[in-house]
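Read off the chains here:
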Amino acid sequence: MTVKIGVVMDPIQDIHVYKDSTLAIMLAAQARGAQLYYILSEGLLVEQAKAAAHTQAITVFDDEKNWFELGEKKLQNLAELDVILMRKDPPFDMDYIYATYILEQAEREGVLIVNKPASLRSYNEKFFVTQFPEFCPAHIVTANHDSIKAFVAQHKRCVLKPLDGMGGDRIFYVDEHERNINVIIETLTEHGKTPCMVQAFIPEITKGDKRILLVNGEPIPHVLARIPHEGDIRGNMAAGASVQVQAINAHDLKLAKTVGEKLKNLGIYFAGLDVIGDYLTEINITCPTCIRQIESETDVKIADLLLDTIDNLLQEQ
């Protein structure tokens, strides 16, 4: 039986083919004979209590000049699909939340959604680390100006970041002598209205921000260290970090297995952990990346492991 897979993602014409993890998953699924359907989040809808979407059948290619062909757009009940991959990038805003409502309706109609919509909604990628205090750095989450300044004064060097960002956007490094700290706090908290995350600075960032991928709660045996370029502290490829594939170490394996057990129980079947030194700094569950970089230097087929998990879940339904 042909498996029908819907993929909710950002505009495919704008992706970076050589590193895009969604494309890697789609290519692997297509190689297995799956029928793929391309969906933009604005094309999702519910009519008469039935989840639907404006979909297009899609064929993908591993070709940086010609990587997709789209069929005619049609309105389709999501219950006609077997699986929907929610692969839209943050920001995690109200539009994203509305999309999870619609996907949750499709889930009630029998469609497997990866990752589970309720968990995407409930577990903010920055805030989620606070559930693992044994692994995360000293931190505070607040919109209160004085509390942030007191935390920075206590820990001397800190990183401030928004709870809804990605790719290194609006991440600030400050120390106790930072002259612009007031305006940085005002910017991130929208003058005391929106909480932000403040973490104690981890000097090991110079050795890289390690991305650990987990499939069905199990860590991949290789990590991608994203090393900031000189003069920056952001280990994000979007911010110009260089990358290095490394074998996972014993500490990170223990950390990943602990976090992975909870993720699996929450229906989060594909996730990325960000680890600096020995500290867990983020848990990426919306649209984890780095598949292609790790696969290109190892014999681990991450996309296939995810598809194996999906096949097993479909058989259990």
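Placed above this text is the structure.
Residues numbered from 1 in each chain as written. Predicted model: local features only at pLDDT ≥ 70, side-chain atom pairs only at ≥ 80, totals over all residues. Heavy atoms only, no water.

K.L.:
Help me understand the packing of aromatic side chains in this model?
P.N.:
What describes a pair of aromatic rings is the distance from one ring centre to the other and the angle between the planes of the rings. Across all of its chains, the model carries six aromatic pairs by this definition. Centre to centre, the rings of Trp-67 and Phe-68 are 5.9 Å apart; their planes meet at 55°, and the pair counts as tilted. Geometrically, the ring pair formed by Tyr-173 and Phe-201 is edge-to-face, given 5.0 Å between the ring centres and 65° between the ring planes. Residue Tyr-173 is located in strand S10 (residues 172-175), and its partner Phe-201 is located in the loop between strand S11 (196-200) and strand S12 (209-215); the two are separated by 28 residues in the primary sequence. Judged by its relative accessible area of 29%, Tyr-173 is partly exposed. Grouping aromatic residues by their ring pairs yields a cluster made of Tyr-123, Phe-128 and Phe-132. (Phe/Tyr/Trp six-rings, centres within 6.5 Å; stacked < 30°, edge-to-face > 60°. Helix = DSSP H or I, 4+ residues; strand = E, 2+ residues; numbered from the N terminus. Buried < 20%, exposed > 50% of the residue type's maximum accessible area, 1.4 Å probe, protein only.)

K.L.:
Would you explain the sheet that holds strand S8 (residues 139-142) in this entry?
P.N.:
Strand pairing in a sheet relies on backbone hydrogen bonds, with the paired strands running either antiparallel or parallel. Strand order across the open sheet formed by four strands is S8-S11-S9-S10, with antiparallel pairing between neighbours. Only two strands of the sheet have a single neighbouring strand rather than two, namely S8 and S10. Direction aside, neighbouring strands of the sheet carry axes that sit 25° apart on average. In this sheet, S10 lies alongside strand S9 (residues 157-162) in antiparallel orientation, the contact comprising four bridges. Bridge assignment links Arg-157 to a residue of S10, and that residue is Asp-175. Those strands touched by helix H4 (residues 145-155) are S8, S9, S10 and S11, and its axis lies near 10° from that of S11. (Pairing = 2+ DSSP bridges. Axes fitted to C-alpha atoms, helices over the stretch in contact; angles between N-to-C directions. Contact = heavy atoms within 4.5 Å.)

K.L.:
Can you help me understand a nonpolar patch on the surface in this one?
P.N.:
Among the surface-exposed residues, Met-94, Tyr-98 and Tyr-101 lie close enough to one another that they form a single nonpolar patch of about 330 Å² accessible area. Among the secondary structure elements, Tyr-101 is positioned in helix H2 (residues 94-108). (Patch = residues over 30% accessible without salt bridge, like charges linked within 9 Å, V, L, I, M, F, W, Y side chains within 5 Å. Areas by Shrake-Rupley, 256 points an atom, 1.4 Å probe, with all protein chains shown as cover. Salt bridge = Lys/Arg side-chain N within 4 Å of Asp/Glu carboxyl O.)

K.L.:
What am I meant to see in the packing of helix H1 (residues 21-31) against helix H8 (residues 302-316) here?
P.N.:
Helix packing for two helices is described by the angle between their axes and how far apart those axes are. Running from N to C, H1 and H8 point in directions that differ by 65°, and their axes come no closer than 9 Å. Where H1 crosses over H8, the two elements pack in a sense that is right-handed. Taking contact as the criterion, the partners of Ala-24, Ile-25, Ala-28 and Ala-29 in H1 are, on H8, Ala-303, Asp-304, Leu-306 and Leu-307. A class-by-class count of the residues in the contact of H1 with H8 yields seven nonpolar, no polar and one charged. (Left-handed = near helix turned anticlockwise from the far one by under 90°. Nonpolar A, V, L, I, M, F, W, Y, C, P; charged D, E, K, R; others polar.)

K.L.:
Please explain helix H6 (residues 250-265) as it appears in this structure.
P.N.:
Every α-helix carries 3.6 residues per turn, so stepping three or four residues along brings you back to the same face. The end-to-end C-alpha separation of H6 is 23 Å, in line with the 22 Å expected for 16 residues at 1.5 Å each. For H6, the complete set of buried residues consists of Asp-252, Leu-255, Ala-256, Val-259, Gly-260 and Leu-263. On its buried face, H6 sits against S12, strand S13 (218-219), strand S16 (270-276) and strand S17 (279-284). One side-chain oxygen at the N-terminal end of H6 lies 3.2 Å from the backbone nitrogen of His-251; it belongs to Asn-249. Looking one or two residues past H6, Gly-267 carries a phi angle of roughly 75°, positive in sign. (Expected span 1.5 Å × (residues − 1). Polar contact = N/O pair within 3.5 Å; in protein donor to acceptor, adjacent residues only side chain to side chain.)

K.L.:
Teacher, can you tell me more about the pattern of salt bridges here?
P.N.:
Once the charged atoms of two side chains with opposite charge are near each other, the side chains can pair. Evaluated as defined, the whole model comprises 17 salt bridges. Among the salt bridges present, the one from Lys-161 reaches Glu-282, with a minimum N-O distance of 3.2 Å. Linking Lys-161 in strand S9 with Glu-282 in strand S17, this pair joins segments that are 121 residues apart in sequence. You can call Lys-161 buried: its relative accessible area is 5%. For Glu-218, the salt bridge is made with Lys-257, and the minimal N-O distance between the two is 3.0 Å.

K.L.:
It is not clear to me how H4 should be interpreted in this structure. Could you clarify?
P.N.:
Those residues of H4 that sit buried are Ile-148, Phe-151 and Val-152. For H4, the angular spread of the buried residues around the axis is 95°, confining them to a single face. Exposed residues on H4 whose side chains face more than 90 degrees from its buried face are Asp-146 and Gln-154. Against the buried residues of H4 lie S8, S9, S10, helix H5 (181-189) and S11. Sitting at the amino-terminal end of H4 is Asn-144, which places a side-chain oxygen 3.2 Å from the backbone nitrogen of Asp-146. (Arc of directions from axis to C-beta.)

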